[in-house]
Amino acid sequence: MQLSEQEILRRQDREELIKLGIDPYPSDKFEVNVSTSDIHSNYEKRKTDYKDIKIAGRLMSRRIMGSASFAEIQDESGRIQIYVARDEICPGEDKTLYNTVFKRLLGIGDIIGIKGYVFTTKVGEITIHVKELKLLTKALKPLPIVKEATDEKGEKKVYDAFSDPEQRYRQRYVDLIVNPEVRETFKKRTQLVNSMRNFLANKGYLEVETPILQPLYGGAAARPFKTHHNTLDMTLYLRIANELYLKRLIVGGYDGVFEFAKDFRNEGMSRFHNPEFTQVELYVAYKDYQWMMDLVEEMVEKVAIDLHGKTVVKVGENEMNFQRPWKRYTMFEAIQEYTGVDISAMDEKQLRETAKKLNVAVDDSMGKGKLIDEIFGEHVEHKLIQPTFITDYPIEMSPLAKKHKDKEGLVERFEAICNGKEICNAFSELNDPIDQRQRFEDQLELGKRGDDEAMVLDEDFLRALEYGMPPTAGLGVGIDRLSMIMTNSNSIQDVLFFPQMKPESKAAVAASLDYDALGVRAELVPILQKLGFTSKEQFTEVKSTKLFNDVCGTRKKMKLKDVTNPSLEEVEGWISKSQA
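1. Details of the sheet that holds strand β17 (residues 388–394)
- Taken in spatial order, the eight strands of this open sheet run β8-β12-β13-β20-β19-β18-β17-β16, and their pairing is mixed. In the strand order of this sheet, the two ends are held by β8 (206–207) and β16 (327–330), each with one partner.
- Across two bridges, β8 lies against strand β12 (residues 256–264) in parallel orientation. Bridge pairing in β12 places Leu206 opposite Val257.
- Here helix α10 (residues 331–339) sits on the sheet and contacts β16, β17 and β18 (410–418); the angle it forms with β16, its principal contact strand, is near 95°.
- Lying over the sheet, helix α15 (residues 479–486) contacts β12, β13 (276–285), β18, β19 (421–428) and β20 (472–478), oriented at roughly 55° with respect to β20.

Below is the structure:
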């Protein structure tokens, strides 16, 4: 492990705290009776209630001023200033807690608990006067310090922000500490899920759980992740959808079931796609897709109001209005509207030729449904900014949807599209087991042609349908994409606490065993790491006198008073062993 100078100093501070009899990680509880937001929001109304407060948080700034200092702590709900006076927290003769611990051994990022009372300073800032202070956690890594300054125009400028996307997504814990707006994004995501859950539960539908590990994957057109169960010696798949299991429950007699599900699809990653994602699926007996469209409008309108207090939501440069009713196009109407071409009567050959004329990339594995989908995706979907329903899809695109009651070759299906992306998909569910078997077999043929997203045939699901499934409307809503819209987030990674990422590249660092083998004392390892000696080969390329002088000089700069300098003979020994 290669340590920075700050990390080395913080480890030394930790050791000094232990020598003073202070546990840097105490196990006893610290009772908290108020939050920073409570104080800020209610101080004028409840001044008398804040005379004996207990609060804990992370130290975010300090202004040391002799025998008294100001600092700032941050808890989950925000920040507040604290005032620390030496004689207040050290009422006796021993002033170590202030002079040594608070001023020298505590650092930005450490977590402290304080007791005291609230007052306002001469400039009117709400502040906690600290009467007792306790270290709850010593942080060994320094936080990135975000600085703010006001320019000549009076506008705030931010410097050294923790804004690099890769760092933010890899170290979400740091992102949450230093970027409070990120915490708000995830609170809104939770509010969104709770709004939908309460809406569906209040309708009388039952929330259920279905298997994540499945012997057959189904319910969507996607490639699965595959694993192996050792005891049963069988292949299992992470579910790509929970549809077929929820339909089995409708067969079993429930009139309405829903599940907030983690699903997994082994496909590309982008700012709209993560291989692990969340969706809610809902199935209601004795309903159809027209009824489900009305429910989706009602539910998403409620979500917007619950999160924002209104139906208009700003997303980038656009404003989405989720007030009912939403615009509705059939699939063919939408394609004709945006391309000027009527494809409703075309066969596969004509569709392929039309796609090429419209500069849509196609290949021989694509059947009629896939060709239509590609045309729609290339020329229509991204242009649908306001909430819009696309209805009545070709049968080839929808193996699980019921045939349209009036329109030959189409199914009763809709997708809701907003800000250029699909946020939900719904059908009048196919409940004819003979028709469903034929659709599955058609999918098998597509698979033979090379379509690796074609569905597989699920005999148990077909058996369930043969027992009889009532007419049913089904819905799937992408929680991640809806969260992007409702929080004005540009990427799906911004609404996932821990998005999937490529492995982190790490510089080669010498293990402690390498230093031991060279005869380096453990207390000298941080100095060599500071000098950049992280591999055995580096020792062979340096003169012993230069390395000796560098080590001694760096020990002095790092103020390692308890570490003894090596002798020249020791250094020569390191180099000699590295060459052996």
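2. Describing the environment of Gly519
- Structurally, the position occupied by Gly519 is in the loop between α16 (512–518) and α17 (525–530).
- Here the alpha-carbon distance between Gly519 and Ile575, two residues 56 residues apart in the chain, equals 9.8 Å.
- In contact with Gly519, other than residues within four places in its own chain, are Trp574 and Lys577.

3. Concerning the environment of Leu307
- Among the structural elements, Leu307 can be located in helix α9 (residues 289–308).
- Since its relative accessible area comes to 10%, Leu307 is described here as buried.
- In this structure the C-alpha to C-alpha distance between Leu307 and Thr487, which are 180 residues apart in sequence, comes to 9.0 Å.
- Residue contacts for Leu307: discarding those within four places in its chain leaves Lys188, Gln191, Leu192 and Met486.

4. Structural notes on the packing of aromatic side chains
- Per the counting criterion, the structure on display carries 15 aromatic pairs.
- Ring geometry for Tyr83 against Phe119: centres 6.3 Å apart, planes inclined by 80°, an arrangement best described as edge-to-face. Here Tyr83 is found in strand β3 (residues 78–85), whereas its partner Phe119 is found in strand β4 (residues 111–120), with 36 residues between them in sequence.
- The class for Tyr83 is partly exposed, based on a relative accessible area of 21%.
- Look at Phe119 and you get partly exposed, because its relative accessible area is 23%.
- Arranged with centres 5.1 Å apart and planes meeting at 80°, the rings of Phe389 and Phe414 form a pair that is edge-to-face. Of the two residues, Phe389 sits in strand β17 while Phe414 sits in strand β18, which places them 25 residues apart along the sequence.
- What makes Phe414 buried here is its relative accessible area of 0%.
- Clustering of aromatic rings is evident, with ring pairs tying together Phe70, Tyr83, Tyr117 and Phe119.
- Arg62 extends its terminal NZ or CZ atom over the ring of Phe102, reaching a point 5.7 Å from the ring centre.
- Above the ring of Phe272, the side-chain terminus of Lys421 is found at 4.6 Å from the ring centroid.

Reading guide: rules and limits
Residues numbered from 1 in each chain as written. Predicted model: local features only at pLDDT ≥ 70, side-chain atom pairs only at ≥ 80, totals over all residues. Heavy atoms only, no water. Pairing = 2+ DSSP bridges. Helix = DSSP H or I, 4+ residues; strand = E, 2+ residues; numbered from the N terminus. Contact = heavy atoms within 4.5 Å. Axes fitted to C-alpha atoms, helices over the stretch in contact; angles between N-to-C directions. Buried < 20%, exposed > 50% of the residue type's maximum accessible area, 1.4 Å probe, protein only. Phe/Tyr/Trp six-rings, centres within 6.5 Å; stacked < 30°, edge-to-face > 60°. Lys NZ or Arg CZ within 6 Å of the ring centre and 35° of its normal.

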